[in-house]
Amino acid sequence: MIRIEIITNQSVYSELKDNLEACIPNFLYTVIPLVYGRGGDSYKLGDSTWPETNVMLIAYAEDNAEQKVSQVVRYIKAKFPTEGIKMFVLHDSASN
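Computed from a prediction, not measured in an experiment: that's the story for all the values here.

Student: A description of the overall build of the protein should follow, citing residues and the corresponding values.
Tutor: Along the protein, the regular secondary structure elements total two helices and six strands. When the helices and strands of the protein are listed from N to C terminus, the series reads β-α-β-β-β-β-α-β. Expected size for 96 residues packed as a compact globule is a radius of gyration near 12 Å; at 14 Å, the protein falls within 12% of this value. Viewed in the frame of its principal axes, the protein has a C-alpha envelope of about 45 × 30 × 20 Å. Counting across all 96 residues of the protein, residues that qualify as buried make up 32%. The long-range fraction of contacts in the protein, counting pairs at least 24 apart against all pairs at least 6 apart in sequence, stands at 71%.

The structure is reproduced here in structure tokens:
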């Protein structure tokens, strides 16, 4: 079992979600719709100075889903190279 965390700019979230659902049957996830923070290039604080925000998608899936999720994230990154998107995968050490 793996935990997948994807943090992305709000502007590409819908495309990311649609592609994940299309490529991975029964892909289940939770969304945190307003994520504030600082990335490599800018702040995302949702205020008048830094108006943008991010979205965080969290999913738990079988190990074999990691490759497909990675492919979708790479596709979105290539399609929107100036929008921030990061993916983190945590492996369940108990299942090893």
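Student: Which residues make up the pattern of salt bridges, and what are the values?
Tutor: For the structure shown, the criterion picks out three salt bridges. The partner of Glu15 in a salt bridge is Lys79, with the nearest N and O atoms 2.6 Å apart. On the criterion of sequence distance, the pair formed by Glu15 in helix H1 (residues 10–23) and Lys79 in helix H2 (residues 65–79) is long-range, its members being 64 residues apart. A residue is classified by how much of its surface remains accessible, and Glu15, at 24% relative accessible area, is partly exposed. Note on Lys79: relative accessible area 41%, which makes it partly exposed. Here Lys17 ties to Asp18 by a salt bridge, and the two come within 2.9 Å at their closest N and O atoms.

Student: Explain the sheet that holds strand S1 (residues 2–9) to me, using residue names and the numbers behind them.
Tutor: An order of S2-S5-S1-S6 is seen for the four strands of this open sheet, with the pairing classed as antiparallel. Each edge of the sheet is formed by a strand with only one pairing partner; in this case those strands are strand S2 (30–35) and strand S6 (85–91). Going from strand to strand, the sheet's axes swing by 15 degrees on average, the running direction of each strand aside. In the sheet, S1 pairs with S6 via seven bridges, with the strands oriented antiparallel. Counterpart to Thr8 in the pairing with S6 is Ile85. Running over the sheet, H1 touches S1, S2, strand S5 (54–61) and S6 and is turned about 140 degrees from S1.

Rules of the game
- Residues numbered from 1 in each chain as written.
- Predicted model: local features only at pLDDT ≥ 70, side-chain atom pairs only at ≥ 80, totals over all residues.
- Heavy atoms only, no water.
- Helix = DSSP H or I, 4+ residues; strand = E, 2+ residues; numbered from the N terminus.
- Rg over C-alpha atoms; globule rule 2.2 N^0.38 Å.
- Buried < 20%, exposed > 50% of the residue type's maximum accessible area, 1.4 Å probe, protein only.
- Contact = heavy atoms within 4.5 Å.
- Salt bridge = Lys/Arg side-chain N within 4 Å of Asp/Glu carboxyl O.
- Pairing = 2+ DSSP bridges.
- Axes fitted to C-alpha atoms, helices over the stretch in contact; angles between N-to-C directions.

Taken by themselves, the reported measurements are silent on function.
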